[in-house]
Amino acid sequence: MILDWLKPKKIQTEDTTTFDADGELLRTYDDVTLLQEVPTDSIPEELRFFRGTIPAGTIGTIIIIDINSSEALVHLEFNIDHQLAFAHATGNHVRLHRRREEKLKHA
């Protein structure tokens, strides 16, 4: 389930792509490494999610690629201290860590 506050303005599909800091193609469900710290997205207080800053070097999963802005945004899901966290960054602030197909091989 995607919460209303995470929904992009335009329908995105698994075929939506953008590029990382090294020019590598990024797709939904790929894992990426943050190249700089980012604040977590603003979410309703009643939801129990991690809030704060996610440090550079943290690995997250792309859940949405929003191509509606001037720079494509990757919306990310993280597991921080056993809590979910959501944040977003532009493609040039992340680096591909592992493709979704690689994750499926090891599942």
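Residues numbered from 1 in each chain as written. Predicted model: local features only at pLDDT ≥ 70, side-chain atom pairs only at ≥ 80, totals over all residues. Heavy atoms only, no water.

**Here we look at the pattern of salt bridges**
Link 1 in the chain: Overall, the coordinates contain seven salt bridges when judged by the stated rule.
Link 2 in the chain: Its salt-bridge partner being Lys103, residue Asp31 comes within 2.9 Å of it at the nearest N-O pair. Of this pair, Asp31 sits in strand E3 (residues 31-34) while Lys103 sits in helix H1 (residues 100-105), placing them 72 residues apart in sequence.
Link 3 in the chain: In this structure Asp31 comes out as buried when scored by relative accessible area, which is 5%.
Link 4 in the chain: Using a relative accessible area of 22% as the deciding quantity, one classes Lys103 as partly exposed.
Link 5 in the chain: The shortest N-O distance in the salt bridge between Arg100 and Glu101 comes to 3.7 Å.
Link 6 in the chain: A relative accessible area of 16% places Arg100 in the buried class.
Link 7 in the chain: On the accessibility criterion, Glu101 (36% relative accessible area) is partly exposed.
Link 8 in the chain: Bridged by salt links that share partners, the residues Glu24, Asp30 and Arg99 form one connected network. (Salt bridge = Lys/Arg side-chain N within 4 Å of Asp/Glu carboxyl O. Helix = DSSP H or I, 4+ residues; strand = E, 2+ residues; numbered from the N terminus. Buried < 20%, exposed > 50% of the residue type's maximum accessible area, 1.4 Å probe, protein only.)

**Details of the environment of Ala85**
Link 1 in the chain: With respect to the helices and strands, Ala85 occurs in strand E8 (residues 83-90).
Link 2 in the chain: Sequence spacing of Ala85 and Arg51 is 34 residues, and the spatial spacing of their C-alpha atoms is 6.9 Å.
Link 3 in the chain: In contact with Ala85, not counting residues within four places along its chain, are Thr40, Phe50, Ile54, Leu76, Glu77, Phe78 and Ile80. (Contact = heavy atoms within 4.5 Å.)

**Looking at the sheet that holds E8**
Link 1 in the chain: Pairing in this open sheet of five strands is antiparallel, and the strands run E8-E7-E6-E3-E9 from one edge to the other. Edge strands, defined here as strands with exactly one partner in the open sheet, are E8 and strand E9 (94-98). Averaged over all pairs of adjacent strands, the angle between their axes in this sheet comes to 45°, without regard to strand direction.
Link 2 in the chain: Looking at chain direction, E3 and strand E6 (residues 59-66) are connected through three bridges and run antiparallel. Across the sheet, the residue bridging to Asp31 is Thr61, located in E6. (Pairing = 2+ DSSP bridges. Axes fitted to C-alpha atoms, helices over the stretch in contact; angles between N-to-C directions.)

**So, the side chain of Asp20**
Link 1 in the chain: Tracing the sequence through the fold places Asp20 in the loop between strand E1 (17-19) and strand E2 (25-27).
Link 2 in the chain: Within the structure, the side chain of Asp20 is placed 2.9 Å from the backbone nitrogen of Asp22, a separation counted as a polar contact.
Link 3 in the chain: There is a polar contact of 3.0 Å between the side chain of Asp20 and the backbone nitrogen of Gly23.
Link 4 in the chain: In contact with Asp20, not counting residues within four places along its chain, are Leu26, Gly91, Asn92, Val94, Arg95 and Leu96. (Polar contact = N/O pair within 3.5 Å; in protein donor to acceptor, adjacent residues only side chain to side chain.)

**Let's talk about the packing of aromatic side chains**
Link 1 in the chain: Applying the stated rule across the entire model yields one aromatic pair.
Link 2 in the chain: Measuring from centroid to centroid gives 5.3 Å for Phe49 and Phe86, while their planes differ by 80°, and the two rings are edge-to-face. A residue pair is termed long-range when its members are at least 10 positions apart, and Phe49 in the loop between strand E4 (38-39) and strand E5 (53-54) and Phe86 in strand E8 qualify at 37 residues. (Phe/Tyr/Trp six-rings, centres within 6.5 Å; stacked < 30°, edge-to-face > 60°.)

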